[in-house]
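# Reading the structure
The primary structure of each chain is shown beneath.
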Amino acid sequence: MGGSDQDEERLLRRVARADLDAFDELYRRTSPWLAIRLRRRCGDDGIIAEVLQDTYLTVWRAAGSFTGLRQSGGADAPGGTAVGWIWTIAARRLVDALRRRSRLREVPTELLPERSAPAAEDEALAGSIGLELGAALDSLAPELQAVLAAMVLDGLTVRETSILLGLPEGTVKSRARRARTALREALT
């Protein structure tokens with residue numbers, strides 16, 4: 001990502017005042033980074049494009065809410081920084097899109113288009129982790145896999161994972177603990 005957090009925060013304050021040039025600059029600086037982070041969680045370019053569009057539409061419309069939080073003490077802003085705030089929006093949009101897609105899975109699989117490329121996460125796991133660990137990860141319940149993906153692959157904190165997945169922090173902690181225990185047992 002190209003500038004400092006303070007540069008993005010300054011741009012976000014200008015976006016809150018409907019400054020289109022600032023929005024263009026904020027998009028130019030943050031969208032490549034954001035697209036990479038989203039691709040780490042989803043291999044569907046159509047969903048990524050939809051999530052990016054929804055995210056930046058929300059940023060344009062709600063920039064004042066971030067700047068208001070920052071001016072009222074700063075600590076209340078999700079993620080604490082402009083890019084953290086943008087990631088929180090994108091993560092929520094991605095979860096929504098993935099939920100919509102999971103409802104479509106009820107359609108017989110022969111009617112769905114074939115996936116043209118594996119997800120970035122799948123490629124990373126296949127290339128750097130042995131088959132045994134890959135099988136152990138695949139055996140985890142989807143809710144445990146989601147917590148591990150957020151915390152390990154994305155490097156999110158418990159709080160950020162909680163926001164991303166829409167779960168209480170205690171639930172995130174217990175699922176992370178259950179996932180580690182299950183992996184340990186599967187690998188022994």
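As a reminder, the structure under discussion sits directly above these lines.
To keep things clear, this report deals only with the structure shown in the data block.

### Looking at the packing of aromatic side chains
- By the definition in use, this model includes four aromatic pairs.
- Between Phe23 and Tyr56, the aromatic rings sit 6.3 Å apart at their centres with planes inclined by 75°, giving edge-to-face as the arrangement. With Phe23 in helix 2 (residues 20-39) and Tyr56 in helix 3 (residues 45-71), the pair connects residues that are 33 residues apart, well separated along the chain.
- Note on Phe23: relative accessible area 14%, which makes it buried.
- Residue classification places Tyr56 among the buried positions, given a relative accessible area of 4%.
- On the numbers, 4.8 Å between centres and 75° between planes, the contact of Tyr27 with Tyr56 is edge-to-face. With Tyr27 in helix 2 and Tyr56 in helix 3, this residue pair connects regions lying 29 residues apart in the sequence.
- The class for Tyr27 is partly exposed, based on a relative accessible area of 38%.

### Describing the pattern of salt bridges
- Using the criterion set out here, one finds seven salt bridges in the structure.
- With a closest N to O distance of 3.8 Å, Arg29 and Glu8 form a salt bridge. With Arg29 in helix 2 and Glu8 in helix 1 (residues 5-16), this residue pair connects regions lying 21 residues apart in the sequence. Of the two residues, Arg29 and Glu8, neither departs from the other in class, the shared state being buried.
- Taking the shortest distance from any N to any O, the salt bridge between Asp45 and Arg39 comes out at 3.5 Å.
- We classify Arg39 as partly exposed; its relative accessible area is 37%.
- The structure contains a network of salt bridges with shared partners spanning Asp7, Glu8, Arg10, Glu25, Arg28 and Arg29.

Reading guide: rules and limits
- Residues numbered from 1 in each chain as written.
- Predicted model: local features only at pLDDT ≥ 70, side-chain atom pairs only at ≥ 80, totals over all residues.
- Heavy atoms only, no water.
- Phe/Tyr/Trp six-rings, centres within 6.5 Å; stacked < 30°, edge-to-face > 60°.
- Helix = DSSP H or I, 4+ residues; strand = E, 2+ residues; numbered from the N terminus.
- Buried < 20%, exposed > 50% of the residue type's maximum accessible area, 1.4 Å probe, protein only.
- Salt bridge = Lys/Arg side-chain N within 4 Å of Asp/Glu carboxyl O.

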